[in-house]
Structure formats: structure tokens, C-alpha cells
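If you want the building blocks of each chain, they are given just below.
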Amino acid sequence: YGALLEEPNLPEEKRLEYAKSINRVTKHLSELITNILKLNKLETQKISPNFKKCNLSEMLCECLLGFESEWEKKNLDIEFNIEEDVYIKTDPEMLMLVWNNLLSNALKFTPDGGKVSVNLKKNGNNVTVSVSDTGCGMEENTIKHIFDKFYQGDTSHSEKGNGLGLALVKRVIDMLDGKISVESELGTGSTFTVKL
């Protein structure tokens with residue numbers, strides 16, 4: 001596309017089309033490189049958690065609001081069952097990476113008019129956060145590999161991802177001494193559950 005843009009008599013319509021393609025691919029590559037670097041730092045322990053007390057309820061609300069334009073565009077039903085003022089000691093920056101990835105995936109894989117649910121429950125010293133969608137779901141083999149680097153179960157969305165998001169999520173959750181699990185049914189949807 002870069003070479004095509006150098007054509008002197010290129011119509012304006014084509015110039016815009018090629019420029020958009022370059023921007024889309026550049027953004028995709030930038031995200032890929034960023035995720036590779038983040039994952040590499042996490043795996044070689046160059047990043048260590050910076051624990052501090054934070055309001056998990058507010059964190060989840062802020063994260064979800066960041067995706068408001070996306071869920072409105074797809075006319076999704078958002079169900080939000082969050083206990084108020086749940087405080088935990090964690091690394092908020094690392095944990096935001098988890099919520100951003102899980103919510104982004106839920107919104108991406110849920111068709112127009114579908115539903116995404118976020119739940120937060122406190123149980124003694126533990127908290128459980130689940131993110132559910134009514135999207136395409138996954139088959140058993142995909143579930144087994146979903147946290148592997150570069151694995152993409154649904155290749156129809158491969159342009160929108162790079163197979164590193166959930167590998168990052170798993171690494172962060174491990175570093176924060178938490179657990180993550182997934183339940184999914186093909187054609188029905190998925191639920192990712194994080195216990196901290």
C-alpha cells in the first residue's frame with residue numbers, strides 16, 4: 001500500500017483507502033509488539049508486582065466504562081453485579097491489564113444485541129470476578145490452549161487480536177497469586193472467572 005501511495009495520479013478515494021489499510025496494519029503490529037514486550041518482561045520477572053490497597057469495585061466500573069462506545073455500537077445488554085467498596089491489596093496497573101483483556105474479548109466475541117455480564121463477589125479474604133458473554137463460545141480443544149501464547153481459537157477475529165492477550169492475563173494472575181478458569185460452550189458463550 002505504501003508503494004501504491006507513491007503513484008502520482010492516484011485518485012483521492014484510493015489514497016484514503018490505502019492510508020486506512022496502512023494505519024490498521026500498523027496499529028495491529030504496534031499492539032503485537034507491545035504485548036510481546038509486556039509478556040517477555042513478565043516471564044523474565046523484570047516486572048514485579050507493586051502491591052497497594054485499591055478499590056476493586058471502582059476499578060471494574062472504570063474499566064467497563066472505557067468500553068462504553070463499543071457496547072453501544074453493538075447494542076449489547078450489559079449486566080453489572082458488583083459489590084460496592086471491595087478493597088484488595090494488589091498491583092492495580094497489572095490487574096487493569098487483566099480486566100481490559102477479558103472485557104475486550106467478551107465484547108469482541110459477542111454478536112450485536114448479545115449480553116456481557118461482570119460480577120464481583122467477596123467471600124471472606126477472597127474475591128471472585130467473572131466476565132461472561134453470549135458470544136460464539138469455544139470447543140474443548142480451544143479451552144485447553146486458550147492461555148497459550150499466540151493461540152487463537154477463533155480465526156475469524158484474528159485481525160483484531162494476536163493471541164497474546166490471554167497469555168498475558170494468565171501470567172499476571174499467576175504473579176498476583178490468583179487463579180483463572182474458563183467455562184465455555186460452543187455457540188452459547190464463555191465465562192472467565194478470576195479468584196484473588
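So, how was this worked out
- Residue numbers run consecutively from 1 along every chain, following the written order of its sequence.
- Local features in a predicted model are, by the rule used here, given only for residues with pLDDT of at least 70; side-chain atom pairs are given and counted only at 80 or more, and totals for whole chains, interfaces and linings are based on all residues.
- Where side-chain values are given, they derive from all heavy atoms of the structure, hydrogens and water being excluded.
- Secondary structure elements follow DSSP: runs of H or I of four or more residues count as helices, runs of E of two or more count as strands, with numbering from the N terminus.
- For each residue, the accessible area found with a 1.4 Å probe, counting protein chains only, is set against the maximum for its type, and the residue is called buried under 20%, exposed over 50%, and partly exposed in between.
- Any two residues whose heavy atoms approach within 4.5 Å at even a single point are treated as in contact.
- Surface exposure here means Shrake-Rupley accessible area, sampled with a 1.4 Å probe, where a residue is shielded only by the protein chains that are shown.
- Axis angles are defined between N-to-C directions and span 0 to 180 degrees, where every axis is a line fitted to C-alpha atoms and, for a helix, only to the segment in contact.
- Put simply, angles under 35 degrees are roughly parallel, angles over 145 are roughly antiparallel, angles from 65 to 115 are roughly perpendicular, and the rest are oblique.
- Working rule for handedness: look at the near helix, and if it is turned counterclockwise from the far one by less than a right angle, call the crossing left-handed; if clockwise, right-handed.
- The nonpolar class holds Ala, Val, Leu, Ile, Met, Phe, Trp, Tyr, Cys and Pro. Asp, Glu, Lys and Arg form the charged class, and all remaining residues, Gly among them, are polar.
- Patches here: salt-bridge-free residues with over 30% relative accessible area, like charges joined within 9 Å, nonpolar side chains (Val, Leu, Ile, Met, Phe, Trp, Tyr) joined within 5 Å.
- The rule for a salt bridge is simple: a side-chain nitrogen of Lys or Arg has to be within 4 Å of a carboxyl oxygen of Asp or Glu.
- This count recognises Lys and Arg as positive and Asp and Glu as negative, with His and chain-terminal groups excluded.
- Where a charge lies is defined by one atom per residue type: Lys uses NZ, Arg uses CZ, Asp uses CG and Glu uses CD.
- We call two strands paired when DSSP finds no fewer than two bridges between them.

Scanning the chain from terminus to terminus reveals 7 helices and 7 strands. Here the chain holds 196 residues, and 38% of them are scored as buried. Sequence separation of 24 or more characterises 71% of the internal contacts of the chain that already satisfy a separation of 6 or more. In the form shown here, the chain has an accessible surface area of approximately 11,800 Å², with 48% of it arising from carbon and sulfur atoms.

Below, the discussion takes up the packing of helix H3 (residues 56–65) against helix H5 (residues 92–109). In helix packing, the relevant descriptors are the interaxial angle and the interaxial distance, both defined with respect to the helix axes. Closest axis-to-axis distance for the H3/H5 pair is 10 Å, and the angle between their directions is 45 degrees. Considered as vectors, H3 and H5 are oriented oblique to each other. For the pair H3 and H5, the sense of crossing is right-handed. Contact with H3, carried on its side by Leu56, Met59, Leu60, Cys63 and Leu64, involves Pro92, Leu95, Met96, Trp99, Asn100 and Leu103 of H5 and no other residues of that element. Residue composition of the contact of H3 with H5, by class: 10 nonpolar, 1 polar and no charged.

Turning our eyes to something else, we now look at unusual backbone geometry. Note: most peptide bonds trans; most residues except glycine with negative phi. One non-glycine residue, Asn75, lies in positive phi territory at about 55 degrees. Residue Asn75 is classed as exposed on the basis of its relative accessible area of 58%. With phi around 50 degrees, Asp85 is a residue other than glycine that occupies positive phi space. Inspection of the secondary structure assignment puts Asp85 in the loop between strand E2 (77–82) and strand E3 (87–90).

A few words now on a negative patch on the surface. Taken together, the side chains of Glu58, Glu62, Glu84 and Asp85 present a region of like negative charge at the surface. Along the chain, Glu84 falls in the loop between E2 and E3.

With that settled, consider the sheet that holds strand E7 (residues 189–195). Taken together, 5 strands build an open sheet; the order of strands is E2-E4-E5-E7-E6 and the sheet is mixed. Among the strands making up the open sheet, the edge pair consists of E2 and strand E6 (179–185). Neighbouring strand axes in the sheet, compared pairwise and without regard to direction, differ in orientation by 10 degrees on average. Alignment of E2 against strand E4 (residues 115–123), held across 6 bridges, turns out to be parallel. Directly across from Ile78, in E4, lies its bridge partner Val116. Packed on one face of the sheet, H3 meets E2, E4 and strand E5 (126–133) and runs near 170 degrees to E2. Along the sheet, H5 contacts E2, E4, E5, E6 and E7; its crossing angle with E5, the most-contacted strand, is approximately 25 degrees.

A separate point is a nonpolar patch on the surface. On the surface, Val25, Leu29, Ile33 and Leu37 cluster together into a nonpolar patch covering about 360 Å² of accessible area. With respect to the secondary-structure elements, Leu29 resides in helix H2 (residues 12–43).

Before going further, it helps to spend a moment on the environment of Asp148. The residue Asp148 is located in the loop between helix H6 (140–145) and helix H7 (165–175) in this model. Along the chain, Asp148 and Leu166 lie 18 residues apart, while their C-alpha atoms are 7.6 Å from each other.

Another aspect to go through is the pattern of salt bridges. Throughout the structure, instances matching the rule amount to 4 salt bridges. The salt bridge partner of Lys14 is Glu17, with a shortest N-O separation of 3.6 Å. Separated by 3 residues within a single helix, Lys14 and Glu17 lie in helix H2, roughly one turn from each other. We classify Lys14 as partly exposed; its relative accessible area is 32%. Close ionic contact of Asp174 with Lys170 constitutes a salt bridge, the shortest N to O distance being 2.9 Å.

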